[in-house]
Amino acid sequence: MRMKLHHTPYISRRISRDLVNCEFVEVRKTRDEITTEVERILDIDIEKEHDLDEKVDEILAEQEEEIAFLNADYRQLFWMTKKRLANEFGVILNNDDRFSDISHQLLDFLWEEDYIHYTVSDNKVKNVIFDSISEFLKGFEKADDAVFEKVKNYKRKLIPGTDEYDIVYHRLYEEELIKRGLI
């Protein structure tokens, strides 16, 4: 599953929780400080992909008439163009490779800026971060479905997109993530 911008606060909290609770990691800053930096790094990665998507949209928009004339599959063209430009934007498209790279980035930053210390191999700590991301994203869809059902059966009717809906949705979503052990 693809990581989205609205996931980053939750994934960041999950990573910091797992690092704080890890027996072979010594935490040298507060959990909140770690969460803030992890979220910042995740957001930067997601923004790079967003910039790539915008560039691909721009390129395909310039070729709109030819695409229509040839009756080409827009989604397939989008994906092919995105694959071609991914390296230029520094985006890794394979999720496992991407999550591994992000885990390394996070580990490097947290170590170099003295947020954490450890005496085991880098790979062991990187795997804690990688597993945090993977496990969260696996459970995300189930939690999201459960929250959607709760909101749908809410006593008063909530309209998606309104502030009230967003507040209720995020509160229930966070409760569901905690209940499922995702954060």
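Residues numbered from 1 in each chain as written. Predicted model: local features only at pLDDT ≥ 70, side-chain atom pairs only at ≥ 80, totals over all residues. Heavy atoms only, no water.

As for the packing of helix H1 (residues 8-21) against helix H6 (residues 122-152)
(1) Moving on: Between H1 and H6, the shortest axis-to-axis distance is 9 Å and the interhelical angle comes to 140°. Classified by the interaxial angle, the pair formed by H1 and H6 is oblique. Seen from above, H1 lies across H6 with right-handed handedness. Contact with H1, carried on its side by Tyr10, Ile11, Arg14, Ile15, Asp18 and Leu19, involves Val125, Val128, Ile129, Ser132, Ile133, Glu135, Phe136 and Leu137 of H6 and no other residues of that element.
(2) Moving on: Taken together, the residues of the contact of H1 with H6 sort by class into 10 nonpolar, 1 polar and 3 charged. (Axes fitted to C-alpha atoms, helices over the stretch in contact; angles between N-to-C directions. Helix = DSSP H or I, 4+ residues; strand = E, 2+ residues; numbered from the N terminus. Parallel < 35°, antiparallel > 145°, perpendicular 65-115°, else oblique. Left-handed = near helix turned anticlockwise from the far one by under 90°. Contact = heavy atoms within 4.5 Å. Nonpolar A, V, L, I, M, F, W, Y, C, P; charged D, E, K, R; others polar.)

As for the pattern of salt bridges
(1) Moving on: Scanning the model with the defined rule gives 15 salt bridges in all.
(2) Moving on: Where lysine 82 meets aspartate 53, a salt bridge forms, and the shortest distance between an N and an O atom there is 2.9 Å. Of this pair, lysine 82 sits in helix H4 (residues 74-89) while aspartate 53 sits in helix H2 (residues 31-62), placing them 29 residues apart in sequence. In this structure, lysine 82 and aspartate 53 share a single accessibility class: buried.
(3) Moving on: The structure contains a network of salt bridges with shared partners spanning Asp45, Glu49, Asp53, Lys82 and Arg98. (Salt bridge = Lys/Arg side-chain N within 4 Å of Asp/Glu carboxyl O. Buried < 20%, exposed > 50% of the residue type's maximum accessible area, 1.4 Å probe, protein only.)

Overview of the packing of aromatic side chains
(1) Moving on: As enumerated under the stated definition, the model contains 6 aromatic pairs in all.
(2) Moving on: The interplanar angle of 35° and the centroid separation of 6.4 Å between the aromatic rings of tyrosine 74 and phenylalanine 78 together place this pair among those described as tilted. Note that tyrosine 74 and phenylalanine 78 are positioned in helix H4 at a spacing of 4 residues, about one turn of the helix.
(3) Moving on: Residue class for phenylalanine 78 comes out buried when judged on its relative accessible area of 18%.
(4) Moving on: Ring centres of tryptophan 111 and tyrosine 118 lie 4.8 Å apart, and the angle between their planes is 55°; this geometry places the pair in the tilted category.
(5) Moving on: For tryptophan 111, a relative accessible area of 35% corresponds to the partly exposed category. (Phe/Tyr/Trp six-rings, centres within 6.5 Å; stacked < 30°, edge-to-face > 60°.)

A few points about the nonpolar core
(1) Moving on: Judged by nonpolar contacts, the single largest core of 39 residues is most densely connected at Met3, Ile133 and Tyr173.
(2) Moving on: Those elements giving two or more residues to this core turn out to be H1, H2, helix H5 (95-112), strand E2 (116-118), H6 and helix H7 (163-179).
(3) Moving on: By residue number, the principal contributor to this core is H6, which donates 11 residues.
(4) Moving on: Among residues more than four places away in sequence, those in contact with tyrosine 173 are His7, Tyr10, Phe136, Phe140, Ala143, Asp144 and Val147.
(5) Moving on: With 8 residues, the next largest nonpolar core counts Val56, Ile67, Phe78 and Val91 among its residues. (Core = buried A, V, L, I, M, F, W, Y, C linked by side-chain atoms within 4.5 Å.)

Interpretation in functional terms is not warranted from these geometric data alone.
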